[in-house]
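Okay, here's what each chain looks like letter by letter:
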Amino acid sequence: MNEKQKSNRRKKVYLTYQGNNPSPQIRLEGKWLEQLGFTAGSFVSIQCEEGRLVIEKDTTQ
């Protein structure tokens, strides 16, 4: 990442529906993902902790 790119991002949690059930949703999109190595079709691993998500490239595939 070069100096002009942000290292932290602020995103909104949206409400979506799965059938009649409301569910929170976080959308991540943009060229910055590709610049970090998250290319279309690749897999990610998500560690879930209290108040925190850690998203990493999944290299096991």
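Bear in mind the structure is a predicted one, so any value in this text is a computation, not a measurement.

Asks: Is there a simple way to think about the overall build of the protein chain in this case?
Replies: Along the protein chain, the regular secondary structure elements total one helix and four strands. Taken from N to C terminus, the helices and strands of the protein chain fall in the order β-β-α-β-β. Considered along the principal axes of its C-alpha atoms, the protein chain spans approximately 45 × 30 × 25 Å. Looking at the protein chain as a whole, 7% of its 61 residues are labelled buried. Counting only contacts in the protein chain whose residues sit at least 6 apart along the sequence, the fraction spanning at least 24 positions is 9%. Summing over all exposed atoms, the protein chain offers an accessible surface of approximately 5,900 Å²; the carbon and sulfur share of this is 46%. One finds the centroid of the 10 positive side-chain charges in the protein chain at a distance of 10 Å from the centroid of its 7 negative side-chain charges.

Asks: In this structure, what is going on with a nonpolar patch on the surface? I would like to understand it.
Replies: A contiguous nonpolar surface patch, about 600 Å² in accessible area, is contributed by Val13, Ile26, Leu28, Val44, Ile46, Leu53 and Ile55. Counting only elements with at least two residues in the nonpolar patch, the list comes to strand E3 (44–49) and strand E4 (52–57). With respect to the element layout, Val44 can be found in strand E3. Accessibility expressed as a relative area gives 40% for Val44, which makes it partly exposed.

Asks: What should I look at first to understand the packing of aromatic side chains in this one?
Replies: For any two aromatic rings, the description comes down to two numbers: the centre-to-centre distance and the angle of the planes. Taken as a whole, this structure holds zero aromatic pairs when the rule is applied. Looking at Arg27, its charged tip hangs above the ring of Tyr14, at a distance of 4.4 Å from the centre.

What counts as what
- Numbers given for residues are sequential positions, taken from 1 along each chain in its written order.
- Under the rules for a predicted model, residues below a pLDDT of 70 receive no local features and side-chain atom pairs below 80 are neither given nor counted, while totals for whole chains, interfaces and linings still include all residues.
- With hydrogens and water stripped out, all remaining heavy atoms of the structure feed into the side-chain values.
- Under the scheme used here, helices are H or I runs from DSSP no shorter than 4 residues and strands are E runs no shorter than 2 residues, and both carry numbers assigned from the N terminus.
- Note on exposure labels: buried denotes an accessible area under 20% of the residue type's maximum, exposed denotes more than 50%, and partly exposed covers the range between, all computed with a 1.4 Å probe on protein chains only.
- Residues count as neighbours in contact if any of their non-hydrogen atoms are within 4.5 Å of one another.
- We get accessible surface area from the Shrake-Rupley algorithm with a probe of 1.4 Å; when it comes to residues, only the shown protein chains can shield them.
- In this tally, Asp and Glu contribute negative charge and Lys and Arg positive charge; neither His nor the terminal groups of the chain are included.
- To locate a charge, the coordinates of NZ of Lys, CZ of Arg, CG of Asp or CD of Glu are taken.
- Patch members must show over 30% relative accessible area and no salt bridge, and they are joined within 9 Å when carrying like charges or within 5 Å when they are nonpolar side chains of Val, Leu, Ile, Met, Phe, Trp or Tyr.
- When a carboxyl oxygen of Asp or Glu lies within 4 Å of a side-chain nitrogen of Lys or Arg, that pair is called a salt bridge.
- Pairing of aromatic side chains requires ring centres within 6.5 Å, counting the rings of Phe and Tyr and the six-membered ring of Trp. Pairs whose planes differ by under 30 degrees are stacked, by over 60 edge-to-face, and all others tilted.
- The rule is short: NZ of Lys or CZ of Arg within 6 Å of the ring centre and within 35 degrees of the ring normal puts a charge over the ring.

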